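Structural description and commentary
So the chains spell out like this:
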Amino acid sequence: MAVSRALRQPLSLRVTSAAFLTLWCLIAAFPIFWITVMSVKLPLDAFASSPWEVLFGPATLAAGKGLTLLDIAASLGLLWATAWVAMRHVPLWVARFTPPNVIALGWLVAAAVLGLGFVLMGFVILPPILIWINSALGLPAVLGLTTQHYRAVWVENAFWHNFLNSMKVTLGVTAISLTVGTLAGYALARSGSKLAFWILIIALVFRALPHSVLVTGYLPLFINSAVLLRPILGDAAPTLYGQPLAVIAVLVAINQPFTIWMLRSFFHNIPADLDEAARVDGCTHFQAFRWVIMPVMWPGVITTGLFSFLLGYNDYLVTSLLLDASNQTMVPAIAGFFNRETTMTDQVEAIAAAVSITAPLFLLVMVFQRQIVSGLTAGAVKG
Amino acid sequence: MKFKTFAAFVAPSVLMMLIFIAVPLLLVFGESFYRTSPVMEVVEFESCTPGFGTQTCKTDTKISPALDAAGKVVLQTDFVGIENYADVVEPQKFWTDLKALDWAQLMDIDFWRALRFTLTFTFITLPLVLGLGLALALAVNNLTRSLRGPVIFITLLPFIITPVIGALSIRWLFVGEGILTRALEALSGTDIAMFAQSWTIELLMMFYRVWSSAPFAFVIFYAGLQGVNQDAVEAAMIDGASRWQRLRFVVIPYLMPLIVFVALIHLMDAYRVFDEVVGLRTQGHVISLQYLTYDFLMPDDAGNRSVSRAAASSMLTMIGIVILLIPMLRRTWADQKGRA
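Residues numbered from 1 in each chain as written. Chains lettered and ligands numbered in written order. Predicted model: local features only at pLDDT ≥ 70, side-chain atom pairs only at ≥ 80, totals over all residues.

1. Observations regarding the overall build of chain A
The condition that has to hold: Secondary structure counts use DSSP, requiring at least four H or I residues in a row for a helix and at least two E residues in a row for a strand, with both numbered from the N terminus. Neighbour counting defines burial: a residue surrounded by 20 or more other C-beta atoms within 10 Å of its own C-beta is buried, one with 12 or fewer is exposed, and intermediate counts give partly exposed, using backbone-placed C-beta atoms. Residues are scored as being in contact if the C-beta atoms we place from backbone atoms lie within 7 Å.
Looking only at helices and strands, chain A features 18 helices and two strands. Projected onto its principal axes, the C-alpha coordinates of chain A cover approximately 75 × 75 × 40 Å. Taking all 383 residues of chain A together, the buried fraction comes to 40%. Of the contacts formed within chain A by residues at least 6 apart in sequence, a portion of 76% connects residues at least 24 apart.

2. Overview of the packing of helix α10 (residues 211–223) of chain A against helix α1 (residues 3–31) of chain B
The condition that has to hold: Orientation is described by lines fitted to C-alpha atoms, with helices fitted over the stretch in contact, and by angles between N-to-C directions that extend from 0 to 180 degrees. When an angle is under 35 degrees it counts as roughly parallel; over 145 it counts as roughly antiparallel; between 65 and 115 it counts as roughly perpendicular; any other value is oblique. Charged means Asp, Glu, Lys or Arg here, nonpolar means Ala, Val, Leu, Ile, Met, Phe, Trp, Tyr, Cys or Pro, and polar covers whatever is left, Gly included.
For the pair α10(A) and α1(B), interaxial distance at closest approach is 8 Å and the crossing angle is 80°. Taken together, the axes of α10(A) and α1(B) are roughly perpendicular relative to one another. For the pair α10(A) and α1(B), the contacting residues are Val213(A), Leu214(A), Thr216(A), Gly217(A) and Tyr218(A) in the first and Ile21(B), Pro24(B), Leu25(B), Leu27(B) and Val28(B) in the second. Among the residues forming the contact of α10(A) with α1(B), the class breakdown is eight nonpolar, two polar and no charged.

3. As for the interface of chain B and chain A
The extent of an interface is frequently quoted as the accessible surface area lost upon association of the parts. Listed by partner, the interface residues are 77 residues for chain B and 78 residues for chain A. Looking at the side of chain B that touches chain A element by element, the count peaks at 15 residues for α1(B). Partitioned by chemical class, the residues of the side of chain B that touches chain A number 57 nonpolar, 15 polar and five charged.

4. Description of unusual backbone geometry
Residue and element names in this part refer to chain B. We note that Glu90 has phi near 50°; this positive angle belongs to a residue other than glycine. Of note, Arg281 is a non-glycine position whose phi angle comes to about 50°, a positive value. The residue Arg281 is located in the loop between α12 (275–279) and α13 (289–297) in this model. Accessibility expressed as a C-beta count within 10 Å gives 16 for Arg281, which makes it partly exposed.

Below you can see the structure in the form of structure tokens.
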């Protein structure tokens, strides 16, 4: 949209606004950038008193762990290529290669492939090639960098185990939330009844409940569930405490109020004529919903799904109280790292674990950023 | 839509909310009036002091937990009325301290300390988040199109990052001789310890919350700005409205429903502040209401969880948020009524 001449802004305002945004971007990115830098340095550098030493890592370099200019160029190139592919190509590929009714699956596969590709390129394929070229050309290392803390976290401390648990919980929460939520959201958007109104208001009150209130209710039940359920289920009665499935159910319920409100407003923006046309053609309500409405709902489903993903992935309170050590997800597991934070190496390892948790989210936003903004613009915000 | 179809569509969602939200809520409400404790019994035992010829023996009694046949502690659950609440709120100490106007003593009671912090935190961060979110949305909306993508991406980072991790990363920047503490020391020329007194800790927690919540407000407002009617803006300009007046009287009223929505969500989220306490590890100085419940629920050194007290404190927490939300709920109520 072209801005008319009269609406154009004076230079002073544009400069102020640009300066404000620059400052904000610095503040927004700095903590994440800084912990990433710290996580690839030896403790001596990571906690050095001069910021330059943290950035360039002389002690790490002296220990023989460094990057040459070629390495730096290659890693920047890899980062740039990943970002480029994520933002430009992935949406197109997904649109082209996945049938419209399993598009969410397509996105998942695409994100997983992209993440895996990045890890493979960065940690398996590129390093030996670069080492070979560097030694052939005799390039000197200029920037201290080590991945030893990541190796310690992922391999020695079996963090991959927690990663898998996190994925189990998060994907379960997202999938079930969306299935249950779209059904309810659709009905709530299409029905003007008193009951629908009351369900929405009560859901809003439920959204406000502190999660600790709910966990207080579950905890005694979950710990004793084997005894409590025996009369009904016999000896097959499970102890729910520590079960990922139980946690998934809890998180889905906690997430339901937000999900149905959000999806309802997306459904509101799809004209009701569309279902009526389908109904006239002989569809049942469910068929109309499944084959006519859902295919045009994907922006809403993706946006809402992303919020569900964040809730499941980021949760600390519920997972730390309801899961035992063997099923622990990543976020509570990091508590284990910082409780042991006695030596400097432990601290840097905790930082490396923190960065590892952030990386998948980073990727996720890269891929979905456009969908979030356009999704919100198209739907939720108008309802 | 017929009632039957409506019910079939809504059933799974409503059922989940009933089982996992409504039922636990009722259970917690019930639980808060009961207390489970080990059955105590008086045991007689004889102790003898070794002596030459005459052993002096005497019989003593002591109170110890009763054991059942399997050697487990026998538990019993009693109705204790509002005793659990009294344990949390400590009304007697509260009144004596209040009468003596002894603020420091009053803040010794965990519950009142947590309540004071939670409310301060909620109401200070609310306007900051709304203001920063709106400012960001307006500024990004001014930007040339090609720059918007990257700026939105960076802006969303604090929002998507796991709260505990976000708080931890802020902690690592400030803790001990962290990089930013050193920068502040260089700027002010004084010795600074951010984690030594509660007001700096609270400042950091609020900073963290604004940092991580403003992007959400931003996305919503930015999406809303895309729908502002340009004709209305131009009409206002022809009528001689200045830039500020156009913002104040055309754009903001248009965004009002969104501002209310973001405020509502922020009230709910800020009131249950918890991740900051864990991530910044402030429990020694500052705790929040939700942390108080969490603390009761975590097993103590002997492995016991004080579920009854947790129930009482979580009921009190819930009453607080309902009171805070009543004005907002009434507004949403009227909105939805008007639409239906």
